[in-house]
Amino acid sequence: MKKYNKIIEHYENCLDKHGDNHLGVDWPKFEDVDTRYKIMLDILNFKEKNDQNVSLLDFGCGTAHLLEFLQRHNYKNVIYSGLDISKKFIEVAENKYPNNFFYCIDILESKDKISNFDYVVMNGVFTEKRELTYNEMWEYFTKMITIIYEKCNKGFAFNVMSKNVDWEREDLFHVSHDVLSDFLCKNLTRNYIIRNDYGLYEYTVYVFKK
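Keep in mind that this is a model prediction, so the values were computed, not measured.

Draft legend 1. Focus on the environment of Ile 85. Mapped onto the elements of the fold, Ile 85 is located in the loop between β2 (78-83) and α4 (87-96). Put simply, Ile 85 and Phe 101 are 16 residues apart on the chain and 14 Å apart in space, counted from C-alpha to C-alpha. When residues no more than four places from it in sequence are discounted, the contact partners of Ile 85 are Tyr 4, Ile 8, Cys 104, Ile 105 and Asp 106.

This is the structure we're talking about:
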């Protein structure tokens, strides 16, 4: 059994218990959800002016709430696809949006089954580690973002929990800026931005290709 299956099981239990809403993907405060979506999508502000359309992969898409946000706020020229490792979540997303494409794969095992995208966003994929140790979660996290760096043409965004908090929860993944920066610079790129300006106990990172 893969250790990260514990994380998948947790989110599927949330969906079973709460249904297709913010609690179903374990975001406790509804008012914070749109803030996260906006911050994630701000990576698109860095696209080149001559980019008429950009392809976007919503990695860990759940039931495609980000797509609903894109439609509600009238984002233009974004070609959306979703990916989730959980068949339960993908089935809900496909039923809601039958005209959009969704992948149901484990990218650590099947990275060649998806094409490259201009941008990838990973909202909430790495905020909870559940029963995993910090080192186990760090290994999982670094493997994932290394693959995503290969699979994006222009850049990707993800969030993790901050260490600049009054107290750290054992089930959450708190990562120091210095440790993360050291990994990115040594293994992926020096071209990244840390967003710590939106009032939540987390931060978002934009990683760019040259």
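Now, onward.
Draft legend 2. Focus on the packing of aromatic side chains. Counted according to the given criterion, the structure contains 19 aromatic pairs. Between Tyr 134 and Trp 138, the aromatic rings sit 6.3 Å apart at their centres with planes inclined by 15 degrees, giving stacked as the arrangement. One end of the pair, Tyr 134, and the other, Trp 138, are both in helix α6 (residues 134-151), 4 residues apart, so they sit about a helical turn from each other. Residue class for Trp 138 comes out buried when judged on its relative accessible area of 18%. An aromatic cluster of at least three residues, connected via ring pairs, comprises Tyr 4, Phe 126, Tyr 134, Trp 138, Tyr 140, Phe 141, Phe 156, Phe 158, Phe 173 and Phe 183.

Draft legend 3. Local environment of the side chain of Ser 55. With respect to the helices, strands and loops of the structure, Ser 55 is situated in strand β1 (residues 54-59). At 2.8 Å, the side chain of Ser 55 and the backbone nitrogen of Asp 118 are in polar contact. Aside from chain neighbours lying at most four places away, what touches Ser 55 is Ile 79, Phe 117, Asp 118 and Tyr 119.

Draft legend 4. The nonpolar core, seen in detail. Within the largest apolar cluster, 70 residues are counted, with the highest numbers of intra-cluster contacts made by Phe 59, Phe 126, Phe 156 and Phe 158. The contacts of Phe 126, once residues within four sequence positions are left out, are Met 137, Tyr 140, Phe 141, Met 144, Ile 145, Phe 158, Asn 159, Val 160 and Phe 173.

Draft legend 5. Summary view of α4. Residues of α4 that are buried include every one of Phe 89, Ile 90 and Ala 93, and no others. All buried residues of α4 project into a common sector of 95 degrees when viewed along the axis, lining one side. Exposed and facing more than 90 degrees away from the buried side of α4 are Lys 87 and Asn 95. For α4, the N-terminal capping position is held by Ser 86, with its side-chain oxygen 3.3 Å away from the main-chain nitrogen of Lys 88.

Draft legend 6. Structural view of helix α1 (residues 5-18). The terminal C-alpha atoms of α1 lie 20 Å apart, and with 14 residues this matches the ideal 20 Å at 1.5 Å per residue to within 8%. Listed in full, the buried residues belonging to α1 are Ile 7, Ile 8, His 10, Tyr 11, Glu 12, Cys 14 and Leu 15. Elements that come into contact with the buried residues of α1 comprise α4 and α6. In the segment just after α1, Gly 19 is the residue with positive phi, at about 85 degrees.

Draft legend 7. Here's a closer look at the pattern of salt bridges. Applying the stated rule across the entire model yields 18 salt bridges. For Arg 72, the salt bridge is made with Glu 68, and the minimal N-O distance between the two is 2.8 Å. One end of the pair is Arg 72 and the other is Glu 68, both in helix α3 (residues 65-72) and 4 residues apart, which spans about a single turn. Classification of Arg 72 by relative accessible area gives partly exposed; the value is 43%. Measuring nitrogen to oxygen at the nearest pair gives 3.0 Å for the salt bridge that ties Glu 128 to Arg 130. With a relative accessible area of 5%, Glu 128 lands in the buried category. Bridged by salt links that share partners, the residues Lys 38, Asp 42, Arg 195 and Asp 197 form one connected network.

Conventions used here
Along each chain, residue indices are assigned from 1 in the same order as the chain's sequence is written. With the structure being a predicted model, the display of local features is reserved for residues of pLDDT at least 70 and the display and counting of side-chain atom pairs for 80 or more, all residues being used for whole-chain, interface and lining totals. Where side-chain values are given, they derive from all heavy atoms of the structure, hydrogens and water being excluded. Secondary structure elements are defined from DSSP: runs of H or I of at least 4 residues count as helices, runs of E of at least 2 residues count as strands, and each element is numbered from the N terminus. Working rule for contacts: check all heavy atoms of both residues, and any pair within 4.5 Å makes them a contact. Two rings from Phe, Tyr or Trp (for Trp, the six-membered ring) form a pair when their centres sit within 6.5 Å of each other. Planes less than 30 degrees apart are called stacked, planes more than 60 degrees apart edge-to-face, and all others tilted. The rule is simple: take the accessible area with a 1.4 Å probe, protein chains only, and divide by the maximum for that residue type; under 20% is buried, over 50% is exposed, in between is partly exposed. Definition of a polar contact: a pair of N or O atoms within 3.5 Å, with one able to donate and the other able to accept a hydrogen when the atoms are protein atoms, and with sequence-neighbouring residues admitted only if both atoms are side-chain atoms. For our purposes a nonpolar core is just a set of buried Ala, Val, Leu, Ile, Met, Phe, Trp, Tyr and Cys residues, chained together by side-chain atoms within 4.5 Å. Working note: the arc is built from the helix axis to C-beta atom directions. By this rule, a helix spans an expected 1.5 Å times one less than how many residues it contains. Any carboxyl oxygen of Asp or Glu that lies within 4 Å of a side-chain nitrogen of Lys or Arg is treated as forming a salt bridge with it.

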